Each structure stands twice: as C-alpha cells, then as structure tokens.
Amino acid sequence: MKRIPIQRIAFAIIITAAICFVSPVYLEMHDMPNMSMIEFMFKYDKAFYMENNFDMIRVMNNGANGIWFTVFLPLKVSITGLFSFGDTMQGFWRLEYIRGSKRSYRIRNFFNICGVGAMGVTLGYLLYTLAVIPFFPYYTPLVIPPHDGLPEEIINSPLTSLEFLGNIFSKLGILFLFSFLTSAICLCIFLATKNRYKAVGIPLICFYLLINISNSLSVKALDARMYYVSPTAMVAGSAYTFRQAFNMSFGWLLLAELLVIAGLYVLYMKLLDWRLKR
C-alpha cells in the first residue's frame, strides 16, 4: 500500500461521524422520547441542556455510546487500510517482500494499514465533536437543592480550557489506539484466511457479543461498572470512566493497549511469512 487512500479515508470519516449523529441520546427522564443525537440537537435549546446537565463532555461521550459505533468499528478501520492492502495481495507483493528488506516491508505495511484505518475513525469522531460545539453548553452546574436548612450547593466547577482539551485528546488517543488495535486484529485474520469479509465479520460479531454480555452483567449485578468488563467499552465510555472501573491509571491503560498491539504485530509477522510460503 504505497499511497494513502484519500477517498476511502474520507468515506470512513463520514461513516463514523454519521454513526455518532444517529446514536441514541440517554437522559434520566421517563417521558423522554427515543431520539438520535441529530434530532436532539435541533429539538431543544441550551436552556434545556443546562437544566438536564447535558454539556459538551457528555455530548462527546454520547457520540460513541451507541452500540453500533463499536460494533461497526472493524468495518470502519478496514475500509481504508485493510481493503487497500487486500488489493495488493492479489498482485506481486511476494516479489516486493523478497527483493527489499523484509523487516522494512513488515513494519511499513503494518503501521500504514493500521494507522490509516485508525485515522479515519478518529478524524470522523473529531468531526462530530467540532460539529456539535455550537449547539451545547460548555458547562452545566450540578446543583444540590436546599434541604434541612442548608443552602443550595453547586458540586462541580467548569473545566479549564486545558482540562477540556485534555479530555478531548485523551478520548481521541484512546479511540485511535483501540481502532489501531482493531485494525491489527482484522489484518491478522485476513492473513490467516485471505478473506476480507471474514476479517471484518469475525471481529464485528465478537464485538457485538462482548457488548451484549457486558450489558447483561451490569444489569444482573446492578453495577454499572460491570459494563466495562468488555475491552470494547474503551470506545463507548470516557477514558476516565474506564480507568475508574478498573482502578487503572491512564499510563497503565496506554501500556496495556501498546502491549496488545505489539503481540498482534508479532502474530502479523508470523502470518506474513507463513503466507509467503504458501
């Protein structure tokens, strides 16, 4: 894959942003009708959002909270990198692999395929985030009403600009790494099967099952943290919530993802050599 597939990246960006906009809105209101984020944006105003504590951080998390954002992640990352690589596998890739440096070929293709796949998803989520900024308040106060003679109390404070940007970039970083990891999984399955549909379909089904299992566990245990037993929850939830559920620092979370990616690279290397001999 020698050139960046711009059209496929643009398609992945659009698909990712579209899924964010059609994701369901979650509010603790029994009379709240089911609606997508894009409907919610144009139906209510900032006064309603302030009253219901629906600020920018919550909007950002909501965009990736829909089950289909994660379930279709293998497809979104494969549209760009893996499908382009699959096209080259029909040609003279063996000649290129043998004549040049095998190590250079492996590293270049691994990071091109997985990096380009993760880039489309991350940029699509960033596009969604930038698009919703004008519609929602930056900060909504969490108010404890007066009780037992005590005055009304606001229990949170607005994030500083640095904290807000830090939250955005931590979300984008986690999403990029998990998308990179997902792309590496799809790549390994493709090399093992030489079938791009299995490479996308197997992780897609696994993600769907993992999400439903973790949902069931959280309902049965009456503990919302049980939702995060599934690694796919790194996409759906904020980095802070995931780390809190596992009592894990941000550095350890990044290290865990990088170790998994390293393991997948070793598997990819073995599968590429095995495919060369077949």
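Asks: Explain a nonpolar patch on the surface here, please?
Replies: Residues Trp68, Ile205, Tyr208, Leu209, Ile213 and Leu217 make up a contiguous nonpolar surface patch of roughly 590 Å² in combined accessible area. Looking at which element gives the most residues to the nonpolar patch, the answer is helix α10 (residues 196–221), with five residues. One can find Leu209 in helix α10. For Leu209, a relative accessible area of 47% puts it in the partly exposed group.

Asks: What is the right way to read the nonpolar core from this model?
Replies: The nonpolar side chains of soluble globular proteins are, as a tendency, buried together. The biggest cluster of nonpolar side chains holds 31 residues, and the ones touching the most others in it are Met37, Phe40, Phe54, Tyr125 and Phe136. By residue number, the principal contributor to this core is helix α9 (residues 161–193), which donates five residues. Setting aside its immediate chain neighbours within four residues, Phe54 contacts Val25, Tyr26, Leu27, Met37, Phe40, Tyr49, Val59, Asn62, Phe136, Pro137 and Thr140. With 25 residues, the next largest nonpolar core counts Leu82, Tyr105, Ala184 and Cys188 among its residues.

Asks: Explanation requested: the side chain of Ser179 in the structure shown.
Replies: You can see Ser179 is positioned in helix α9. Assessed through its relative accessible area of 0%, Ser179 is described here as buried. Among the polar contacts made by the side chain of Ser179, one reaches the main-chain carbonyl oxygen of Leu175 at a distance of 2.7 Å. When sequence neighbours within four positions are dropped, the list of residues in contact with Ser179 reads Leu73, Val77, Ala118 and Val121.

Asks: Help me understand the packing of helix α6 (residues 73–88) against helix α8 (residues 102–132) in this model?
Replies: Following both chains from N to C, one finds α6 and α8 inclined at 140 degrees, their axes separated by 8 Å at the closest point. Judged by the inter-axis angle, α6 sits oblique to α8. In this structure, α6 meets α8 at a crossing whose hand is right-handed. Residues Leu73, Lys76, Val77, Thr80, Gly81, Leu82 and Phe85 of α6 form the contact with α8, whose own contacting residues are Tyr105, Asn109, Ile113, Val116, Gly117 and Val121. A breakdown of the residues in the contact of α6 with α8 according to their chemical character gives eight nonpolar, four polar and one charged.

Asks: Which parts of the structure should I look at to understand the environment of Tyr125?
Replies: Relative to the helices and strands, Tyr125 is located in helix α8. Note: C-alpha distance between Tyr125 and Thr16 (109 residues apart in sequence) is 6.3 Å.

Asks: Would you explain helix α1 (residues 6–21) in this entry?
Replies: Residue pairs three or four apart in sequence face the same way in an α-helix, which turns once every 3.6 residues. In a regular helix each residue adds 1.5 Å, so 16 residues correspond to 22 Å; α1 covers 23 Å between its end C-alpha atoms and thus fits that length. Among all positions of α1, only Ile9, Ala12, Ile13, Thr16, Ala17, Ile19, Cys20 and Phe21 are buried. Here the buried face of α1 lies against α2 (37–43), α4 (56–63), α5 (67–71), α6 and α8.

Asks: I keep staring at the environment of Asn167 and nothing clicks. Help me out?
Replies: Tracing the backbone through its elements, the reader meets Asn167 in helix α9. Along the primary structure Asn167 and Met60 are separated by 107 residues, whereas in three dimensions their C-alpha atoms are 9.8 Å apart. If we skip the residues at most four places from it in the chain, Asn167 touches Ile57 and Met60.

Asks: Sorry, what's going on with the packing of α8 against α9 here?
Replies: Helix-helix packing is characterised by the crossing angle of the two axes and by the distance between the axes. Close contact between α8 and α9 brings their axes to 8 Å; oriented N to C, the two are set at 140 degrees. Classified by the angle their axes make, α8 and α9 are oblique. Considering the relative orientation of α8 and α9, their crossing is right-handed. Between α8 and α9, the residues in contact are Phe110, Phe111, Ile113, Cys114, Gly115, Ala118, Met119, Val121, Thr122, Tyr125 and Leu126 and Lys171, Leu172, Leu175, Phe176, Ser179, Phe180, Ser183, Ala184 and Leu187, respectively. Of the residues contributing to the contact of α8 with α9, the split by class is 15 nonpolar, four polar and one charged.

Parameters at a glance
Residues numbered from 1 in each chain as written. Predicted model: local features only at pLDDT ≥ 70, side-chain atom pairs only at ≥ 80, totals over all residues. Heavy atoms only, no water. Patch = residues over 30% accessible without salt bridge, like charges linked within 9 Å, V, L, I, M, F, W, Y side chains within 5 Å. Areas by Shrake-Rupley, 256 points an atom, 1.4 Å probe, with all protein chains shown as cover. Salt bridge = Lys/Arg side-chain N within 4 Å of Asp/Glu carboxyl O. Helix = DSSP H or I, 4+ residues; strand = E, 2+ residues; numbered from the N terminus. Buried < 20%, exposed > 50% of the residue type's maximum accessible area, 1.4 Å probe, protein only. Core = buried A, V, L, I, M, F, W, Y, C linked by side-chain atoms within 4.5 Å. Contact = heavy atoms within 4.5 Å. Polar contact = N/O pair within 3.5 Å; in protein donor to acceptor, adjacent residues only side chain to side chain. Axes fitted to C-alpha atoms, helices over the stretch in contact; angles between N-to-C directions. Parallel < 35°, antiparallel > 145°, perpendicular 65-115°, else oblique. Left-handed = near helix turned anticlockwise from the far one by under 90°. Nonpolar A, V, L, I, M, F, W, Y, C, P; charged D, E, K, R; others polar. Expected span 1.5 Å × (residues − 1).

Read these as spatial facts, not as claims about activity.
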